[in-house]
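Structure assessment
Spelled out, the chains give:
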Amino acid sequence: MANRERAMIDSGRRVFLAAAGAGALLPAIARGQTPPPGAGKPGPAGLPEPGETIDLWPGGAPGMPAAPPVETVNERSTDKQLTDRAVFGITRPRMTVFRPVRPNGAAVLITPGGGYRWVVIDKEGYELGRWLAARGFTVFVLFYRLPGEGWAAGPDVALSDAQRAMRLIRHRARDYGVDPARVAAMGFSAGGHVCADLLTRFAAPTYRPVDAADRLSARPTAAAPIYPVVSMRAPYAHPGSRALLVGADAAPALERAHSPDLNVPADAPPTFLVHAEDDDVVPVENSLMLRAALRARGVPVETHLFTHGGHGFGLRKALGKPVAAWPDLFIEWASGLIL
């Protein structure tokens, strides 16, 4: 980690410790924020829906399209007992917050998948948020803007939101009982690409600073891309994600700029990778290429490959299979980094 970034995190950590000593870590519900995606639509029976959000951009998201998209939530499940909502047309990118009863001081920023077509709400967002919060983590589920919807930042738009989200978590660490030196990133599928982009390009200037939060580091303390989209090059690129991110006919330079395995810095954070070898949507080679690139730069990386699991298993589709071990494996790995 660069000395400047370490100093910024250490400064935030001192604020966290001072606040803890002063008893200032009481919950602070955000007021005047945009409701969570899907507010008003029924969620899963018996499970609480998050009510707290953090808007990323106080003056509105930068680079709004001339014809702004309309936020829309689709329910993709036909099972009344199991929701599978997805949102697109996000013009107010925001985080929903899952607070633990007993915070352990660590935070996780989650970027759900959706092939850059939409952002899933339940399967790779709220379900993981509840699971991690039950184990002491403060969880921020990010609903990021989509690159195919005309934003001025183009293929950097989701990364801009992820960078801003990491900085805001650190900026507001005392409000959430979070140590700013213990903030991990976790992403799934195309959200895994957002996570991998963040762990490799956390220092890239993708937007103009808007307030004091933007003086803080966007580097995750640790990162966990789960069955991630990584490469934008044939034959291993996920065609749908590639088309929406860089275009089906992208030039090699554009492919390279948005393939995290080709942009790993020496100060990338320790990384945890999970993939199923029978994934028929995002080939396992995506994780293997990122692993090889991290190792070549001397970055610690733990990799778990499962013979069976397919794509998009999250928590619900992993039940009863060996791949169901992955969340506990993450906790064990994270215990030496953010716990």
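First, a word on scope: everything that follows refers to the structure included in this document. Since the structure is predicted, the reported quantities are computational estimates derived from the model, not experimental observations.

1. Details of the packing of helix α2 (residues 122–133) against helix α9 (residues 326–334)
Contact geometry of α2 with α9 gives a least axis separation of 12 Å together with a crossing angle of 50 degrees. As judged from the angle between their axes, α2 and α9 are oblique. The handedness of the crossing between α2 and α9 comes out as right-handed. Packed against α2, whose contacting residues are L128, W131 and L132, the element α9 presents W326, P327, D328, F330 and I331 at the interface. Residues belonging to the contact of α2 with α9 are distributed by class as follows: seven nonpolar, no polar and one charged.

2. Points about the sheet that holds strand β2 (residues 72–75)
By definition, the strands of a sheet pair up through backbone hydrogen bonds, in either a parallel or an antiparallel sense. Spatial ordering of the open sheet is given by β2-β3-β6, a layout of three strands whose pairing is antiparallel. Looking at which strands have only one partner, the edges of the open sheet turn out to be β2 and β6 (119–120). The pairing of strand β3 (residues 85–88) with β6 spans two bridges and is antiparallel. Paired with A86 across the bridge in β6 is V120.

3. Comments concerning the packing of aromatic side chains
Applying the stated criterion across every chain yields a total of 11 aromatic pairs. Both rings, one in F188 and one in W326, keep their centres 5.9 Å apart while their planes meet at 65 degrees; by these two values the pair is edge-to-face. In this pair, F188 sits in strand β8 (residues 183–188) while W326 sits in helix α9, placing the two residues 138 residues apart along the sequence. For the pair F188 and W326, a shared accessibility class is recorded, and that class is buried. Through successive ring pairs, a cluster of aromatic residues spans F188, Y227, F313 and W326. Residue placement shows R135 over the ring face of W131; its charged tip is 3.7 Å from the ring centre.

What counts and what doesn't
Residues numbered from 1 in each chain as written. Predicted model: local features only at pLDDT ≥ 70, side-chain atom pairs only at ≥ 80, totals over all residues. Heavy atoms only, no water. Axes fitted to C-alpha atoms, helices over the stretch in contact; angles between N-to-C directions. Helix = DSSP H or I, 4+ residues; strand = E, 2+ residues; numbered from the N terminus. Parallel < 35°, antiparallel > 145°, perpendicular 65-115°, else oblique. Left-handed = near helix turned anticlockwise from the far one by under 90°. Contact = heavy atoms within 4.5 Å. Nonpolar A, V, L, I, M, F, W, Y, C, P; charged D, E, K, R; others polar. Pairing = 2+ DSSP bridges. Phe/Tyr/Trp six-rings, centres within 6.5 Å; stacked < 30°, edge-to-face > 60°. Buried < 20%, exposed > 50% of the residue type's maximum accessible area, 1.4 Å probe, protein only. Lys NZ or Arg CZ within 6 Å of the ring centre and 35° of its normal.

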